[in-house]
Amino acid sequence: MRAVVLHEFGPPAHLRVADVPTPVPAAGEVAVQVAAVGVQFLETQVRAGTMRGALGGAPLPVILGKEIAGQVTEVGPGGDISLIGARVLASTTGLGGYAETAVVPAGSLVPVVDNVGLPEAVALYRYGVTAQGLVGAARVSAGDRVLVLAAAGAVGTILVQLLKRAGATVVAAARGERKLALLRELGADHVVDYTLTNWAGQARDAVGGSLDVVFDHVGGPLGRESFELLTPASGRQIAFGFSSGTPLDVRPMELVGRGLTLTGFSAGHLWSRPALARDLATEVLQLAAAGQLTPVIGQRFPLERAADAHAAIEARETVGKTLLIP
């Protein structure tokens, strides 16, 4: 079968398609013919060598890829043969997704209903679970004034829609008119370009005052400017990443002095509870099937162009989810 193999850490060009043996599922596993695989920002960091620990000690060469959708083609010894032919979402153990066939734990399977496409299901899968967890962590309720940084990304596009369903007033921050136009289409009440020097003032003016909640995947100066917009005594900021490369810098006494809440969030805590993660993923798919949630696939690349997919993500040129299509 064909797969994208990383032989050494470095630039995107180090991702190359090769013919490799088709994996065979062991007990408790199934093989999936991959229709689409999601490309994660973390995987660009692994490839570059800055997040080698995410490989869990696996030596090079490796096949990256965690989140896939496709059709079950084989089950491991003692497995449920009725699964063969099923349309599913699944997670690898961390490697193996950038390929025509991937082996995944049978317990990770999430059925995909017929009226949701497999690429669309991947676009909603892991980041849909993350977005739901974020809304819960922030205790969002109707009437809250909420800012989403990097709102045109894979998490942000889903988060904006879920926040609107919760009755929040949403300010979506992104870079460039293309991304701002998309966020308007997804229902954001206000959009701001955070590359402008007065973006924070525009956000404040848009809601007529301070903000109740900030979702921050950026950190650094943008995260800090967002923190300054929070309402004293009740504002809360959810930090779930630092794509800027610099974590949010807030001192404890600032939280105490202004009565604010800063919450760190990791989707790993959701995925460490597989039954919960499956339930959340199923809920997202049901919303999509009912036409109440729009998956955003900004970019689709064949396996041969995996390097281009990584380069686009690193250049912040992407919107929504980036997929590889075997």
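The preceding data block contains the structure.
Residues numbered from 1 in each chain as written. Predicted model: local features only at pLDDT ≥ 70, side-chain atom pairs only at ≥ 80, totals over all residues. Heavy atoms only, no water.

Draft legend 1. The sheet that holds strand S10 (residues 190-193), seen in detail. As summarised here, the arrangement of the 6 strands in space is S10-S9-S8-S11-S12-S13, forming an open sheet in which the pairing is parallel. Edge strands, defined here as strands with exactly one partner in the open sheet, are S10 and strand S13 (261-264). Between one strand and the next, the sheet's axes are offset by a mean angle of 15 degrees, whatever the strand orientation. Relative to S13, strand S12 (residues 236-239) runs parallel, the two being bridged by 4 bridges. Paired with Arg236 across the bridge in S13 is Thr261. Across the face of the sheet, helix H4 (residues 177-185) comes into contact with strand S9 (169-174) and S10 while running at roughly 165 degrees to S10. Its contacts with the sheet place helix H6 (residues 220-227) against strand S8 (145-148), strand S11 (213-216) and S12, and it is angled at close to 160 degrees to S12. (Pairing = 2+ DSSP bridges. Helix = DSSP H or I, 4+ residues; strand = E, 2+ residues; numbered from the N terminus. Axes fitted to C-alpha atoms, helices over the stretch in contact; angles between N-to-C directions. Contact = heavy atoms within 4.5 Å.)

Draft legend 2. Representation of the pattern of salt bridges. Applying the stated rule across the entire model yields 13 salt bridges. Residue Lys321 pairs with Glu67 through a salt bridge whose shortest N-O separation is 2.5 Å. In this pair, Lys321 is assigned in strand S15 (residues 321-325) and Glu67 in strand S4 (residues 67-75), connecting sequence segments 254 residues apart. Residue class for Glu67 comes out buried when judged on its relative accessible area of 0%. (Salt bridge = Lys/Arg side-chain N within 4 Å of Asp/Glu carboxyl O. Buried < 20%, exposed > 50% of the residue type's maximum accessible area, 1.4 Å probe, protein only.)

Draft legend 3. Main features of helix H9 (residues 274-289). In this model H9 runs 22 Å from its N-terminal to its C-terminal C-alpha over 16 residues, within 8% of the 22 Å that 1.5 Å per residue would give. Looking at the buried residues of H9, the elements they touch are strand S5 (87-91), strand S7 (110-111), helix H2 (118-137), helix H3 (154-165) and helix H8 (268-271). Once H9 finishes, Gly291 follows within two positions and takes phi at roughly 75 degrees, a positive value. (Expected span 1.5 Å × (residues − 1).)

Draft legend 4. A look at the pairing of S15. With 4 of its 5 residues buried, S15 lies for the most part within the structure. Of the strand pairs in this sheet, strand S3 (residues 29-38) and S15 are connected by 2 bridges, and their pairing is antiparallel. Of the residues in S15, the one forming a bridge with Val37 is Leu324. With 5 bridges connecting them, strand S14 (residues 297-302) and S15 associate as parallel partners. Looking across to S15, one finds that Arg300 is bridged to Leu323. Handedness of the crossover joining S14 and S15 through helix H10 (residues 306-314) is recorded here as right-handed. (Right-handed = clockwise from strand over helix to strand, strands pointing away.)

Draft legend 5. How the structure looks around the pairing of S3. Within S3, 7 of the 10 residues are buried, which leaves it mostly tucked inside the rest of the structure. One ladder, built from 5 bridges, connects S3 with strand S6 (residues 101-105); its direction is antiparallel. When the bridges of S6 are listed, Glu29 appears paired with Pro105. In terms of strand pairing, S3 meets S4 through 7 bridges, oriented antiparallel. Looking at the pairing, Val37 lines up with Ile68 of S4.

Draft legend 6. Expanded view of unusual backbone geometry. The omega torsion across Leu60 and Pro61 is 0 degrees, close enough to zero to call that bond cis. Although it is not a glycine, Arg139 sits at a positive phi angle of roughly 55 degrees. The topology assignment puts Arg139 in the loop between H2 and S8. If you check the backbone angles, Ala150 has positive phi at about 50 degrees while not being a glycine. Considering the arrangement of structural elements, one finds Ala150 in the loop between S8 and H3. Taking relative accessible area as the criterion, Ala150 reaches 23% and is therefore assigned partly exposed.

On their own, these measurements won't tell you what the molecule is for.
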